[in-house]
Amino acid sequence: MVHLCGQGILKMGRGLRYGLLLLLVLAVGGLRMPFEQRLALELRRENLLPPRLEIETGEKIGQTFSAVSLGGLRTLVATFFNLRAQIFFEQQQWADVAKTYDLIVDLAPRTGYYWDTGTWHLAYNAASHYLYESELPPLRRKTLWKNYIMAGRRFLERGIRNHPDDAQLLERMGSLMADPNKTRAFGEPAKAFEASFAAYQAAVATGNARSYTKRAALYSLVRVPGREEEALELVKTIRAEQNVSQPSIMALHYALEYQRDPAQDVLALVDRVFPDRRGAYQILSRQWMRGQDRFPMHGVARAIALLEFEFGVDETKSVLRQPLPLPVDPDDYFRRR
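Please read all numbers here as calculations on a predicted model, not as lab measurements.

Comments concerning unusual backbone geometry
Phi is mostly negative for residues that are not glycine, and the peptide bonds are mostly trans. The phi torsion at Gln92 lies on the positive side, around 55°, for a residue other than glycine. Mapping Gln92 onto the fold places it in the loop between α5 (74-90) and α6 (94-107). Judged by relative accessible area, which is 38%, Gln92 ranks as partly exposed. At Arg294, a residue that is not glycine, the phi angle is positive and equals roughly 65°. Its location among the elements puts Arg294 in the loop between α15 (277-288) and α16 (300-311). Residue Arg294 is classed as partly exposed on the basis of its relative accessible area of 37%.

As C-alpha coordinates, this is what we get:
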(Lines give C-alpha, C1' and ligand atoms only; values in the text may rest on other atoms or scores of the structure.)
Protein backbone atom coordinates (compact mmCIF):
# COMPACT_ATOMS: atom_id res chain seq x y z
CA MET A 1 0.00 0.00 0.00
CA VAL A 2 2.77 2.44 1.03
CA HIS A 3 4.73 1.41 -2.06
CA LEU A 4 1.76 2.16 -4.33
CA CYS A 5 1.20 5.55 -2.65
CA GLY A 6 4.84 6.39 -3.16
CA GLN A 7 4.62 5.56 -6.85
CA GLY A 8 1.51 7.75 -7.15
CA ILE A 9 3.22 10.69 -5.49
CA LEU A 10 6.22 10.42 -7.82
CA LYS A 11 3.94 10.70 -10.86
CA MET A 12 2.46 13.99 -9.66
CA GLY A 13 3.78 17.47 -10.39
CA ARG A 14 6.45 18.97 -8.20
CA GLY A 15 4.10 21.44 -6.44
CA LEU A 16 1.51 18.75 -5.65
CA ARG A 17 4.20 16.33 -4.42
CA TYR A 18 5.51 19.06 -2.15
CA GLY A 19 2.04 19.69 -0.70
CA LEU A 20 1.31 16.01 -0.06
CA LEU A 21 4.66 15.43 1.59
CA LEU A 22 4.13 18.44 3.83
CA LEU A 23 0.68 17.15 4.82
CA LEU A 24 2.23 13.77 5.62
CA VAL A 25 4.83 15.44 7.82
CA LEU A 26 2.17 17.42 9.65
CA ALA A 27 0.06 14.30 10.22
CA VAL A 28 3.00 12.47 11.75
CA GLY A 29 3.75 15.56 13.82
CA GLY A 30 0.22 15.56 15.18
CA LEU A 31 0.56 11.94 16.38
CA ARG A 32 3.91 12.66 18.01
CA MET A 33 2.87 15.99 19.52
CA PRO A 34 2.06 14.97 23.12
CA PHE A 35 5.35 13.15 23.60
CA GLU A 36 7.45 15.76 21.84
CA GLN A 37 5.79 18.60 23.73
CA ARG A 38 7.04 17.19 27.02
CA LEU A 39 10.45 16.44 25.53
CA ALA A 40 10.75 19.94 24.05
CA LEU A 41 10.07 21.55 27.42
CA GLU A 42 12.85 19.50 28.99
CA LEU A 43 15.31 20.24 26.19
CA ARG A 44 14.59 23.98 26.35
CA ARG A 45 15.29 23.92 30.09
CA GLU A 46 18.67 22.39 29.24
CA ASN A 47 19.21 24.97 26.45
CA LEU A 48 19.37 22.19 23.88
CA LEU A 49 16.51 23.57 21.77
CA PRO A 50 16.08 27.08 20.34
CA PRO A 51 13.32 29.27 21.83
CA ARG A 52 9.69 28.72 20.88
CA LEU A 53 8.65 30.24 17.54
CA GLU A 54 7.53 33.86 17.62
CA ILE A 55 3.94 34.66 16.59
CA GLU A 56 5.22 36.56 13.54
CA THR A 57 6.82 33.37 12.28
CA GLY A 58 3.61 31.49 12.95
CA GLU A 59 1.69 33.95 10.82
CA LYS A 60 4.14 33.40 7.96
CA ILE A 61 3.66 29.65 8.11
CA GLY A 62 -0.10 29.84 8.50
CA GLN A 63 -1.88 26.59 9.29
CA THR A 64 1.34 24.68 9.85
CA PHE A 65 2.27 26.81 12.88
CA SER A 66 0.76 24.76 15.70
CA ALA A 67 1.99 21.42 14.40
CA VAL A 68 5.50 22.73 13.68
CA SER A 69 6.00 24.68 16.89
CA LEU A 70 4.54 22.02 19.19
CA GLY A 71 5.65 18.97 17.24
CA GLY A 72 9.31 19.96 17.17
CA LEU A 73 9.54 19.62 13.37
CA ARG A 74 11.00 23.02 12.58
CA THR A 75 14.22 21.73 11.04
CA LEU A 76 12.39 19.22 8.86
CA VAL A 77 9.85 21.80 7.66
CA ALA A 78 12.72 24.24 6.96
CA THR A 79 14.10 21.60 4.60
CA PHE A 80 10.84 21.54 2.63
CA PHE A 81 10.76 25.32 2.44
CA ASN A 82 14.35 25.26 1.19
CA LEU A 83 13.15 23.08 -1.69
CA ARG A 84 10.39 25.59 -2.29
CA ALA A 85 12.94 28.42 -2.37
CA GLN A 86 14.84 26.50 -5.04
CA ILE A 87 11.71 26.50 -7.21
CA PHE A 88 11.34 30.27 -6.75
CA PHE A 89 15.03 30.67 -7.68
CA GLU A 90 14.58 28.68 -10.88
CA GLN A 91 11.57 30.85 -11.74
CA GLN A 92 13.52 34.03 -10.86
CA GLN A 93 10.85 35.07 -8.37
CA TRP A 94 13.31 36.95 -6.20
CA ALA A 95 10.85 38.51 -3.74
CA ASP A 96 9.50 35.02 -2.97
CA VAL A 97 13.05 33.73 -2.54
CA ALA A 98 13.72 36.46 0.01
CA LYS A 99 10.50 35.83 1.96
CA THR A 100 11.07 32.09 1.97
CA TYR A 101 14.60 32.35 3.36
CA ASP A 102 13.39 34.73 6.06
CA LEU A 103 10.97 31.99 7.08
CA ILE A 104 13.58 29.23 6.77
CA VAL A 105 16.03 30.92 9.15
CA ASP A 106 13.19 31.64 11.57
CA LEU A 107 12.54 27.90 11.62
CA ALA A 108 16.17 26.78 11.73
CA PRO A 109 18.34 29.72 12.89
CA ARG A 110 21.18 27.44 13.97
CA THR A 111 21.78 26.00 10.50
CA GLY A 112 24.53 28.12 8.97
CA TYR A 113 23.91 26.64 5.52
CA TYR A 114 20.60 28.49 5.20
CA TRP A 115 22.14 31.84 6.07
CA ASP A 116 24.91 31.29 3.53
CA THR A 117 22.58 30.08 0.77
CA GLY A 118 20.06 32.86 1.35
CA THR A 119 22.84 35.43 1.07
CA TRP A 120 24.04 33.85 -2.16
CA HIS A 121 20.58 33.99 -3.70
CA LEU A 122 19.97 37.62 -2.74
CA ALA A 123 23.34 39.34 -3.13
CA TYR A 124 24.56 37.29 -6.09
CA ASN A 125 21.78 35.61 -8.06
CA ALA A 126 19.06 38.25 -7.73
CA ALA A 127 21.49 41.17 -8.03
CA SER A 128 23.15 39.62 -11.10
CA HIS A 129 19.77 39.12 -12.72
CA TYR A 130 19.11 42.84 -12.62
CA LEU A 131 22.70 43.69 -13.58
CA TYR A 132 22.84 41.54 -16.72
CA GLU A 133 19.48 40.14 -17.78
CA SER A 134 16.42 42.14 -16.78
CA GLU A 135 14.45 44.03 -19.42
CA LEU A 136 13.37 46.71 -16.95
CA PRO A 137 14.37 50.37 -17.48
CA PRO A 138 18.00 51.07 -16.46
CA LEU A 139 17.18 53.16 -13.37
CA ARG A 140 14.78 50.52 -12.05
CA ARG A 141 17.35 47.78 -12.70
CA LYS A 142 20.05 49.70 -10.86
CA THR A 143 17.78 50.28 -7.87
CA LEU A 144 16.85 46.60 -7.64
CA TRP A 145 20.48 45.54 -8.15
CA LYS A 146 21.57 47.66 -5.19
CA ASN A 147 18.58 46.70 -3.06
CA TYR A 148 19.24 42.97 -3.40
CA ILE A 149 22.94 43.37 -2.66
CA MET A 150 22.09 45.30 0.48
CA ALA A 151 19.38 42.77 1.38
CA GLY A 152 21.94 39.99 1.05
CA ARG A 153 24.35 41.88 3.26
CA ARG A 154 21.72 42.47 5.96
CA PHE A 155 20.66 38.83 5.81
CA LEU A 156 24.28 37.71 6.23
CA GLU A 157 24.81 40.12 9.11
CA ARG A 158 21.84 38.50 10.87
CA GLY A 159 23.40 35.11 10.24
CA ILE A 160 26.72 36.19 11.72
CA ARG A 161 24.95 37.55 14.82
CA ASN A 162 23.42 34.09 15.23
CA HIS A 163 26.73 32.35 14.42
CA PRO A 164 29.58 34.69 15.49
CA ASP A 165 32.14 31.89 15.31
CA ASP A 166 31.11 30.49 11.91
CA ALA A 167 34.21 30.93 9.74
CA GLN A 168 32.28 30.19 6.53
CA LEU A 169 29.76 32.99 7.11
CA LEU A 170 32.55 35.42 8.01
CA GLU A 171 34.46 34.43 4.88
CA ARG A 172 31.29 34.98 2.84
CA MET A 173 31.03 38.49 4.29
CA GLY A 174 34.67 39.19 3.44
CA SER A 175 34.13 38.01 -0.13
CA LEU A 176 30.88 39.96 -0.51
CA MET A 177 32.34 43.26 0.69
CA ALA A 178 35.39 42.93 -1.59
CA ASP A 179 33.51 41.84 -4.73
CA PRO A 180 34.36 44.40 -7.45
CA ASN A 181 30.85 44.01 -8.88
CA LYS A 182 29.32 45.08 -5.57
CA THR A 183 31.55 47.63 -3.84
CA ARG A 184 29.78 50.49 -5.65
CA ALA A 185 26.51 49.40 -4.03
CA PHE A 186 28.06 49.86 -0.58
CA GLY A 187 29.10 53.46 -1.22
CA GLU A 188 32.76 54.31 -0.69
CA PRO A 189 34.90 51.35 -1.90
CA ALA A 190 37.58 51.88 0.77
CA LYS A 191 35.01 51.35 3.53
CA ALA A 192 33.78 48.19 1.85
CA PHE A 193 37.34 46.82 1.65
CA GLU A 194 37.88 47.72 5.31
CA ALA A 195 34.74 45.80 6.26
CA SER A 196 35.94 42.90 4.13
CA PHE A 197 39.28 42.84 5.92
CA ALA A 198 37.58 42.87 9.33
CA ALA A 199 35.34 39.94 8.34
CA TYR A 200 38.26 37.88 7.05
CA GLN A 201 40.27 38.62 10.19
CA ALA A 202 37.34 37.52 12.33
CA ALA A 203 37.18 34.28 10.32
CA VAL A 204 40.90 33.67 10.92
CA ALA A 205 40.39 34.31 14.64
CA THR A 206 37.90 31.43 14.87
CA GLY A 207 40.69 28.97 14.11
CA ASN A 208 38.54 27.27 11.46
CA ALA A 209 39.25 29.46 8.45
CA ARG A 210 40.81 28.16 5.26
CA SER A 211 44.52 28.80 4.67
CA TYR A 212 43.59 31.20 1.87
CA THR A 213 41.59 33.46 4.19
CA LYS A 214 44.54 35.35 5.62
CA ARG A 215 45.72 36.16 2.09
CA ALA A 216 42.20 37.28 1.18
CA ALA A 217 42.31 39.59 4.20
CA LEU A 218 45.54 41.06 2.86
CA TYR A 219 44.04 41.66 -0.59
CA SER A 220 41.31 43.73 1.07
CA LEU A 221 43.61 45.58 3.46
CA VAL A 222 45.99 46.80 0.74
CA ARG A 223 43.04 48.58 -0.89
CA VAL A 224 42.43 50.72 2.22
CA PRO A 225 44.33 54.02 2.10
CA GLY A 226 46.37 54.81 5.20
CA ARG A 227 46.88 51.21 6.30
CA GLU A 228 49.93 50.43 4.19
CA GLU A 229 52.24 49.75 7.16
CA GLU A 230 49.78 47.26 8.61
CA ALA A 231 49.46 45.63 5.19
CA LEU A 232 53.24 45.35 4.87
CA GLU A 233 53.49 43.61 8.23
CA LEU A 234 50.74 41.21 7.18
CA VAL A 235 52.59 40.45 3.92
CA LYS A 236 55.72 39.58 5.87
CA THR A 237 53.76 37.42 8.30
CA ILE A 238 52.08 35.50 5.50
CA ARG A 239 55.34 34.90 3.65
CA ALA A 240 57.02 33.71 6.85
CA GLU A 241 54.17 31.52 8.14
CA GLN A 242 52.95 29.97 4.93
CA ASN A 243 56.10 30.06 2.83
CA VAL A 244 53.94 31.79 0.23
CA SER A 245 55.37 32.37 -3.22
CA GLN A 246 52.20 33.51 -4.97
CA PRO A 247 53.06 36.18 -7.53
CA SER A 248 50.43 38.60 -6.21
CA ILE A 249 51.87 38.41 -2.67
CA MET A 250 55.36 39.20 -3.93
CA ALA A 251 54.10 42.07 -6.09
CA LEU A 252 52.29 43.58 -3.12
CA HIS A 253 55.38 43.11 -0.96
CA TYR A 254 57.41 45.07 -3.50
CA ALA A 255 54.86 47.92 -3.83
CA LEU A 256 54.50 48.35 -0.07
CA GLU A 257 58.25 48.26 0.55
CA TYR A 258 58.78 50.81 -2.22
CA GLN A 259 56.15 53.15 -0.78
CA ARG A 260 57.97 53.10 2.56
CA ASP A 261 61.12 54.52 0.88
CA PRO A 262 60.74 55.66 -2.77
CA ALA A 263 64.38 56.86 -2.81
CA GLN A 264 65.83 53.36 -2.34
CA ASP A 265 67.63 51.34 -5.02
CA VAL A 266 64.78 49.82 -7.03
CA LEU A 267 66.69 46.85 -8.45
CA ALA A 268 68.14 46.04 -5.03
CA LEU A 269 64.56 45.96 -3.71
CA VAL A 270 63.55 43.69 -6.60
CA ASP A 271 66.38 41.31 -5.66
CA ARG A 272 65.22 41.21 -2.01
CA VAL A 273 61.58 40.51 -2.78
CA PHE A 274 61.69 38.22 -5.83
CA PRO A 275 63.62 35.01 -6.49
CA ASP A 276 65.09 36.38 -9.75
CA ARG A 277 64.79 39.43 -12.00
CA ARG A 278 63.23 37.66 -14.97
CA GLY A 279 60.48 36.31 -12.76
CA ALA A 280 60.10 39.73 -11.13
CA TYR A 281 59.55 41.31 -14.55
CA GLN A 282 56.81 38.83 -15.43
CA ILE A 283 55.07 39.19 -12.06
CA LEU A 284 55.21 42.98 -11.99
CA SER A 285 54.03 43.16 -15.61
CA ARG A 286 50.96 41.08 -14.78
CA GLN A 287 50.34 43.19 -11.69
CA TRP A 288 50.54 46.37 -13.80
CA MET A 289 47.88 45.03 -16.14
CA ARG A 290 45.55 44.30 -13.20
CA GLY A 291 44.72 47.92 -12.48
CA GLN A 292 41.04 47.05 -12.17
CA ASP A 293 41.85 45.18 -8.95
CA ARG A 294 42.74 48.45 -7.19
CA PHE A 295 45.98 47.00 -5.82
CA PRO A 296 48.77 49.47 -4.91
CA MET A 297 51.19 50.13 -7.77
CA HIS A 298 53.87 52.11 -5.93
CA GLY A 299 57.13 51.85 -7.88
CA VAL A 300 55.85 49.13 -10.21
CA ALA A 301 56.28 51.24 -13.35
CA ARG A 302 59.85 52.18 -12.32
CA ALA A 303 60.83 48.57 -11.79
CA ILE A 304 59.30 47.49 -15.10
CA ALA A 305 61.12 50.27 -16.99
CA LEU A 306 64.48 49.36 -15.43
CA LEU A 307 64.02 45.65 -16.05
CA GLU A 308 62.94 46.21 -19.66
CA PHE A 309 66.07 48.29 -20.21
CA GLU A 310 68.21 45.53 -18.68
CA PHE A 311 66.54 42.83 -20.83
CA GLY A 312 66.64 44.91 -24.03
CA VAL A 313 62.87 45.01 -24.51
CA ASP A 314 61.89 47.08 -27.55
CA GLU A 315 60.31 50.33 -26.39
CA THR A 316 57.34 49.81 -28.70
CA LYS A 317 56.64 46.48 -26.95
CA SER A 318 56.90 47.82 -23.43
CA VAL A 319 54.26 46.64 -20.99
CA LEU A 320 53.86 50.25 -19.97
CA ARG A 321 52.54 51.10 -23.43
CA GLN A 322 49.74 48.54 -23.31
CA PRO A 323 46.16 49.77 -22.68
CA LEU A 324 45.07 49.13 -19.12
CA PRO A 325 41.72 47.48 -18.28
CA LEU A 326 39.43 49.79 -16.34
CA PRO A 327 37.91 48.99 -12.93
CA VAL A 328 34.49 47.35 -12.99
CA ASP A 329 31.72 49.93 -13.34
CA PRO A 330 28.19 48.51 -12.98
CA ASP A 331 26.81 51.65 -14.64
CA ASP A 332 28.21 50.35 -17.92
CA TYR A 333 25.66 47.53 -17.79
CA PHE A 334 22.76 49.77 -16.82
CA ARG A 335 23.42 52.01 -19.82
CA ARG A 336 22.81 49.06 -22.13
CA ARG A 337 19.40 47.96 -23.32
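Structure's up, so let's keep going.
Some remarks on the packing of helix α8 (residues 138-162) against helix α9 (residues 167-178)
Relative placement of two packed helices is described by the angle separating their axes and the distance separating the axes. The contact between α8 and α9 brings their axes to 10 Å, and the two run at 155°. Accordingly, the angle class assigned to the pair α8 and α9 is roughly antiparallel. Regarding α8 and α9, the two cross each other, and that crossing is left-handed. Across from Arg153, Leu156, Glu157, Gly159 and Ile160 in α8, the residues of α9 making contact are Leu169, Leu170, Arg172, Met173, Leu176 and Met177. A breakdown of the residues in the contact of α8 with α9 according to their chemical character gives 7 nonpolar, 1 polar and 3 charged.

A closer look at the pattern of salt bridges
Within the structure shown, the criterion is met by 15 salt bridges. Between Glu241 and Lys214 there is a salt bridge; the shortest N-O distance is 2.9 Å. One end of the pair, Glu241, is in helix α12 (residues 228-242); the other, Lys214, is in helix α11 (residues 212-221), and 27 residues separate them in sequence. The salt bridge partner of Arg290 is Asp293, with a shortest N-O separation of 2.7 Å.

Re the nonpolar core
Ranked by size, the top nonpolar core spans 40 residues in total, and within it Ile104, Trp145 and Tyr148 carry the most contacts. Elements with a minimum of two residues in this core: α5, α6, α7 (112-133), α8, α9 and α10 (189-205). In terms of residues, this core owes the most to one element, α7, which gives 9 residues. Setting aside residues up to four positions removed in sequence, Ile104 forms contacts with Ala78, Phe81, Asn82, Ala85 and Tyr114. In terms of nonpolar packing, the next biggest core, distinct from the first, is built from 20 residues, Val270, Leu284, Ala303 and Val319 among them.

Things to note about the environment of Gln264
Inspection of the secondary structure assignment puts Gln264 in the loop between α13 (247-260) and α14 (266-273). Here Gln264 falls in the buried class, since its relative accessible area comes to 14%. Here Gln264 is in contact with Glu257, Tyr258, Leu269 and Arg272, once residues within four sequence places are set aside. A distance of 2.9 Å separates the side chain of Gln264 from the backbone oxygen of Asp261, its partner in a polar contact.

Section: the confidence of the model for the chain
Per-residue pLDDT for the chain averages 84, and the proportion of residues at 70 or more is 74%. Mean pLDDT across the elements of the chain ranges from a minimum in helix α1 (residues 2-11), with 46, to a maximum in α14, with 98.

Structural notes on the side chain of Asn82
By secondary structure assignment, the location of Asn82 is in helix α5. Taking the relative accessible area as the measure of exposure, Asn82 reaches 14% and is therefore buried. One polar contact links Asn82 to Tyr101, side chain to side chain, over a distance of 2.6 Å.

Cut-off values and rules
- Residues numbered from 1 in each chain as written.
- Predicted model: local features only at pLDDT ≥ 70, side-chain atom pairs only at ≥ 80, totals over all residues.
- Heavy atoms only, no water.
- Helix = DSSP H or I, 4+ residues; strand = E, 2+ residues; numbered from the N terminus.
- Buried < 20%, exposed > 50% of the residue type's maximum accessible area, 1.4 Å probe, protein only.
- Axes fitted to C-alpha atoms, helices over the stretch in contact; angles between N-to-C directions.
- Parallel < 35°, antiparallel > 145°, perpendicular 65-115°, else oblique.
- Left-handed = near helix turned anticlockwise from the far one by under 90°.
- Contact = heavy atoms within 4.5 Å.
- Nonpolar A, V, L, I, M, F, W, Y, C, P; charged D, E, K, R; others polar.
- Salt bridge = Lys/Arg side-chain N within 4 Å of Asp/Glu carboxyl O.
- Core = buried A, V, L, I, M, F, W, Y, C linked by side-chain atoms within 4.5 Å.
- Polar contact = N/O pair within 3.5 Å; in protein donor to acceptor, adjacent residues only side chain to side chain.
- pLDDT = per-residue confidence, 0-100.

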